[in-house]
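Chain and residue survey
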Amino acid sequence: MIIFTFQVNSTNLPEKLLNIPINLISGESTSLSEHKGKKAVYIKFWATWCQPCRKEMPHFEHIKNEYGDYVEVIGINIGINDDLKSVEATIKEFGLTMPMAIDKNGDLAQEFRFIGTPYHLLFDRDLNLIHRGHKANESLDNKLALISQSKAVNLLDANSLSENETNLKIDLNDGKIHALFFTATWCDWYLKESRPQNSKNCISAQKNVNSLSEAYPNIMWHGLVSRLWTGSKGLKEYKKKYSISHSVDIDKSNHLFHQYSIKDLPTLLLIKNNKIIIKITDFSDSKELEKLIGEQKA
């Protein structure tokens, strides 16, 4: 369901592109390979005379301020009908603080397959290209948000998690009915365009679970959020967004998601004495859900 994944030591870019020097106007030089495994990279090609580029400059600086600790933001002026003086004037006008380059000989435009300004490129930390487009739109913002949230849980290094973080202590063999609600903090908004039905189902699911957890307190309710691209900040925002009062945690070790083979988000499991008694993945009919849950006796 997610368009891109993080892969260890893997990239979909050719070596030439990874290592082509990006000569900054500061006199320094950088390259994509310099950031591999450390930061995601967001590159924007622009021109001082490009009106859409100029309109997007506040957004460009916002990205640097919002995600600069986790995403390397680089501006590349295309060097057509432009010079250092005009570039510096634009930098001053909009208060731009990201590293800036001028593509004087057109090598960068050639290698990055530039076809028109503005031109946005986003690479994950393993330098897989995950976004290419001409607009600073919701799709770009969503991917930047997901990329930045991956900082909170290092999916590639299990040793970075303490014992308390990796194991959720839930006794499912205590004779009580437990409702395990599996979802993700991003499935409502990130899938809005690519999987609209899934997005609606995620929204309906959380709202229904909120109501059901209040209506049936005899059932032990546990919200379990996917660890993908989600940290404590994302979880806190999600809980506030949906006014969640029941227990909800990130399954940081992915133990329960894996144990119950959760491949569809959202999914609700009712479990008693380690046995699944109900599995629900369609949350469109609230009355049917209430009937199913109401029939269960603790």
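Report on the accompanying structure. (Residues numbered from 1 in each chain as written. Predicted model: local features only at pLDDT ≥ 70, side-chain atom pairs only at ≥ 80, totals over all residues. Heavy atoms only, no water.)

1. A look at the sheet that holds strand E7 (residues 129-133)
As summarised here, the arrangement of the five strands in space is E5-E4-E3-E6-E7, forming an open sheet in which the pairing is mixed. Looking at the sheet topology across the chains shown, the edges are occupied by strand E5 (100-102) and E7. This sheet shows a mean twist of 15° between the axes of neighbouring strands, independent of strand direction. When strand E3 (residues 40-46) meets strand E4 (residues 71-77), the two strands line up parallel, connected through seven bridges. Within E4, the residue paired with Ala40 across the bridge is Val71. Its contacts with the sheet place helix H2 (residues 51-67) against E3, E4 and strand E6 (119-123), and it is angled at close to 165° to E3. Packing of helix H3 (residues 84-94) onto the sheet brings it into contact with E3, E4 and E5, and relative to E5 it is tilted by some 155°. (Pairing = 2+ DSSP bridges. Helix = DSSP H or I, 4+ residues; strand = E, 2+ residues; numbered from the N terminus. Axes fitted to C-alpha atoms, helices over the stretch in contact; angles between N-to-C directions. Contact = heavy atoms within 4.5 Å.)

2. Observations regarding the nonpolar core
Ranked by size, the top nonpolar core spans 45 residues in total, and within it Leu32, Tyr42, Ile43, Phe45, Phe112 and Phe123 carry the most contacts. It is E3 that contributes the most residues to this core, six residues altogether. With near-sequence residues (within four places) excluded, Phe45 lies in contact with Ile76, Ile78, Leu108, Ala109, Phe112, Phe114, Thr117, Pro118, Tyr119 and Leu121. (Core = buried A, V, L, I, M, F, W, Y, C linked by side-chain atoms within 4.5 Å. Buried < 20%, exposed > 50% of the residue type's maximum accessible area, 1.4 Å probe, protein only.)

On their own, these measurements won't tell you what the molecule is for.
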